[in-house]
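# Descriptive analysis of the structure
Spelled out, the chains give:
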There are 2 protein chains.
Amino acid sequence: MIDQNTICAISTSPGMGAIAVIRLSGSEALAITDSIFQFPDKNKQIVNQDPNTLHYGSILSNNEIIDEVIVALFKAPHSFTGEDIVEISCHGSVYIQQTLLQLLIEHGCRIAKPGEFTQRAFLNGKMDLSQAEAVADLISSSSKASHGIALKQMRGGVSTEIKSLRNQLLTFTSLVELELDFSEEDVEFANRKELSSLSTNIHSTIKKLADSFRYGNALKNGIPVAIIGDANVGKSTLLNALLKEEKAIVSDIAGTTRDVIEDVVIIGGIQFRFIDTAGIRTTSDTIETIGIERTFDKIEQADIVLTLIDADSSFNEIIMFLTRMSEKLHEKHSALIINKIDIANNEMIDELVQMGDAMELPTFQLAAKHKTNLDQLIKFLIDSVQDNSYSQNDVLITNARHYESLRNAETAITRVLVGLQNEISGDFLSQDIRECLHYLGEITGDISTEEVLGNIFKNFCIGK
Amino acid sequence: MIDQNTICAISTSPGMGAIAVIRLSGSEALAITDSIFQFPDKNKQIVNQDPNTLHYGSILSNNEIIDEVIVALFKAPHSFTGEDIVEISCHGSVYIQQTLLQLLIEHGCRIAKPGEFTQRAFLNGKMDLSQAEAVADLISSSSKASHGIALKQMRGGVSTEIKSLRNQLLTFTSLVELELDFSEEDVEFANRKELSSLSTNIHSTIKKLADSFRYGNALKNGIPVAIIGDANVGKSTLLNALLKEEKAIVSDIAGTTRDVIEDVVIIGGIQFRFIDTAGIRTTSDTIETIGIERTFDKIEQADIVLTLIDADSSFNEIIMFLTRMSEKLHEKHSALIINKIDIANNEMIDELVQMGDAMELPTFQLAAKHKTNLDQLIKFLIDSVQDNSYSQNDVLITNARHYESLRNAETAITRVLVGLQNEISGDFLSQDIRECLHYLGEITGDISTEEVLGNIFKNFCIGK
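Presented here is a report on the structure given in the accompanying data block. Please read these numbers as outputs of a predicted model, since none were measured by experiment.

### A few points about the relation of the copies chain B and chain A
Rotating chain B by 180° and translating it 0.1 Å along the rotation axis places it on chain A, where the RMSD comes to 0.1 Å. With respect to symmetry, the two chain copies, as superposed, fit the operation of a two-fold axis. Within chain B, the C-alpha atom positioned nearest to the axis of rotation is that of B:Thr53, 2.2 Å from it. Here 100% of the contact residues of chain B are again contact residues in chain A; the copies associate through an equivalent surface.

Spelled out as structure tokens, the structure:
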């Protein structure tokens, strides 16, 4: 199943740096390195060196020196891929990187496909599939929260849960299948009551894992926050204020819905995606239906909804809007933000506070422009994320592929439960359990196809 | 003189990669690493490990795992900087890189200034100043030629020449200065004839090195080529054709003169900078004086001048222009390129060829659009670069600082020669020799000031 070629790639970020690292993996990694590398003591060879050692020397091409480098040596099976690995640290000019890569190809290496090093680690049993997938997540993680989830998954968090579920089921399947061998004797090795109780447990664990996808995915890709309010109400000022306060990173990313550009702000180690909502004010006094529907959709996508009100301006329309949206808002983490308290008159502010109380929405008074009173809002945002049924130690699902497999496993285990109630025969029962095992096995890669693997690893970066 | 802090920096190219390398150097590098790194066997410590070894483990911050990494260990004095060095290979997410860097700072590292690792290598006597400067040139080299020069300089090419000159002079200075101690006795330890002959040799070597700057600098930064011709004559088509032919790299760089954007094409491992010249055609039949002057300046800057003529169009003006420029053109590597031979009539082509012969300029007939007959032109370009007094083994000066020091040393040694002719006294002679030694010492860093070092290393990239 494993392509036996020795592969190579530039593993560091593309472009010029002080140094760059070119990685080789495969049975010929050491021999190929020897064909282009020369120790200061010309009698020495890489193939004779101890594993986990570093060596200084020159890279030669037709007796011409290309660079002076450090070679790092790892030997199978104690390496990332489980194969012999050589990492060449060269001077980081693009010319040297390219020349070195070309030289390796001339000496028998093949350029690695995206994720091929990690794929080999999986195929050589160094990690299971969900751990391998976490390597890519780890590399692309940009906040404390997404980094934490990826690291936990890479260290086997998801795998442990899934493997424990599979092992419990496997015991029972073998008992049920043993009954089939003795089918004429009508024996029952697998206690149906115990199986039912186990299946109920497994069902609830699978469901909890699958349900965690919405939260896990949000933590990984950013918690969606909708800010409702008129265009001039101070939305971008508020975003900038949050940004400054937390020295966070802001960037523009293309949203999941292609028509909006979203602002990403990292607050307290959590990434928030601020969904751009169109202003809801229209030319007439009543609110345009289309405007409402559009905003309604944005609220639907969000986990947190902030309604931003300019206390120094007319806010009749937004109040009408809030009243009509009330039910929807209470399904989300919603708050009223009363902005521009530095210039608004107190009566107006009081009126808005009372309205917030009447609607049972938390209200925050602030002046985004002067960055006053932001602490409370920041706390609300962080608490909104943490206010749910998952503790820090819970395994969260962040991968759509895992989610799909879990949902399929849930369907299968539900059939097992129904079957047990209806006292269906062992062979049907066994088939449903097998199906559940199959879907769980897909997550860890105990069950996998070339196509699935191809799809997973093609999204990796080169050199990993 | 050496700042005793342990310094750290990301040494790989900025941005996301499969892996990134963070480098520490200084007496506390191992201890600081131990304070954040944990072996799988918790009793092990980095400080107790052998030099030139690799170690797998976790980076911890407040008992929380930040990443699983490989630590590479080098011990003083056998390292790049001559100090203890640790290189941490982590997963290449920007979040991990930044977190790790911050963690190192919390544990006592200081962020390295640009080039500070190389500066320490210099201060610790691992390399001289011209070698240190070559490290930066090597990292930014983008063609075979510039890479080759930088590598030769890094491996001590320039230093060897300069040190040999200094040593010869030093012997004589000590003899001359010994005379001063016995000045009342009117002895002559230093044979004036030998000193004169040596000084003549040194003068010619210094002059040759200094003169190589124009060529070396051109090889390093690109050979300047001016293409003269009307805007519609096919200049960009020719550039693209050269590009395609040689699979070279083209990019826009801001030229040394700020008003022109230059095309850079690498042909046969040599970088050519194509200087943009304005079209010389004007509305009237005569050529505008300003247009001529402007083009004249461009020719002045160039090493190679190609005059591109559209054989299918009127070319009276360009011929008038060439006639007036004839003298200047012959100071450069000049050629006539007759373009569009696929559509021009043969009479016109013949007329142009005859004109080229009359002016004693090599002519090339081609059709840039169809990439025909480019080989001859490519050979001409490469030969123009190599057609000079420098062989492949000659040391070339590419650094303006070295050039300046050499010119100053040349002036000083010239004074020595004149002084010897005029039989000036030993103390004046000694002073001039000392001055020459001083300037030569500046190149290798035997003579250096904080300010000079600061200026040199501030242009390095971070992490080297």
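### Focus on the pattern of salt bridges
Tallied over the full model, the rule gives 46 salt bridges over all chains. Put simply, A:Arg155 and B:Glu68 hold a salt bridge, and the shortest N to O gap is 2.5 Å. Residue A:Arg155 is located in the loop between helix H5 (144-154) and helix H6 (157-181), and its partner B:Glu68 is located in strand E5 (residues 64-74); the two belong to separate chains. For A:Arg155, a relative accessible area of 42% gives the class partly exposed. Here B:Glu68 falls in the buried class, since its relative accessible area comes to 17%. The network of salt bridges with common partners includes A:Glu83, A:Arg110, A:Glu116 and A:Arg120.

### Quick notes on the interface of chain B and chain A
Across the boundary between the two partners, chain B contributes 45 residues, which contact 45 residues of chain A. For the pairing of chain B and chain A, the buried interface totals around 3700 Å² over both sides, and the portion due to carbon and sulfur atoms is 64%. Together, B:Ile19, B:Leu54 and B:Tyr95 form the three largest contributors to the area buried by chain B at its contact with chain A, with a combined 18%. Counting across the interface, chain B meets chain A through 4 salt bridges. Note that A:Glu64 is salt-bridged to B:Lys144, the shortest N-O span being 3.1 Å. In this assembly, chain B and chain A are joined by 14 residue pairs in polar contact (both at pLDDT 80 or more). Elements with a contribution of two residues or more to the side of chain B that touches chain A: strand E2 (19-25), strand E4 (53-61), E5, helix H2 (94-106), helix H4 (129-140) and helix H5 (144-154) of chain B. Ranked by residue count, the leading element in the side of chain B that touches chain A is E5(B), at 9 residues. Partitioning the side of chain B that touches chain A into residue classes produces 21 nonpolar, 17 polar and 7 charged.

### Focus: H5(A)
Residue and element names in this part refer to chain A. In terms of burial, H5 is a largely internal element, 8 of the 11 residues being buried. Taken together, the buried positions of H5 are occupied by Ala145, Ser146, His147, Ile149, Ala150, Leu151, Gln153 and Met154. Glycine 156 sits one or two residues past H5 and shows a positive phi near 100°.

### Quick word on the pairing of strand E6 (residues 85-91) of chain B
All names here are of chain B. In terms of burial, E6 is largely enclosed, as 7 of its 7 residues are buried. Judged from the 7 bridges that link them, E2 and E6 form a sheet pairing that is antiparallel. Counterpart to valine 21 in the pairing with E6 is serine 89. Where E5 lies against E6, 5 bridges are found, and the strand directions are antiparallel. Its bridge partner lying in E6, phenylalanine 74 is registered against isoleucine 85.

### So, the pairing of E5(B)
By the criterion of burial, E5(B) is predominantly enclosed, with 8 of the 11 residues buried. Where E4(B) folds back on E5(B), the antiparallel hairpin that results is connected by 2 residues, among which B:Asn62 adopts a positive phi of roughly 50°.

Procedures and definitions
- Residues numbered from 1 in each chain as written.
- Chains lettered and ligands numbered in written order.
- Predicted model: local features only at pLDDT ≥ 70, side-chain atom pairs only at ≥ 80, totals over all residues.
- Heavy atoms only, no water.
- Least-squares fit on C-alpha atoms with pLDDT ≥ 70 in both.
- Contact = heavy atoms within 4.5 Å.
- Salt bridge = Lys/Arg side-chain N within 4 Å of Asp/Glu carboxyl O.
- Helix = DSSP H or I, 4+ residues; strand = E, 2+ residues; numbered from the N terminus.
- Buried < 20%, exposed > 50% of the residue type's maximum accessible area, 1.4 Å probe, protein only.
- Buried area = accessible area lost by both parts, 1.4 Å probe.
- Polar contact = N/O pair within 3.5 Å; in protein donor to acceptor, adjacent residues only side chain to side chain.
- Nonpolar A, V, L, I, M, F, W, Y, C, P; charged D, E, K, R; others polar.
- Pairing = 2+ DSSP bridges.

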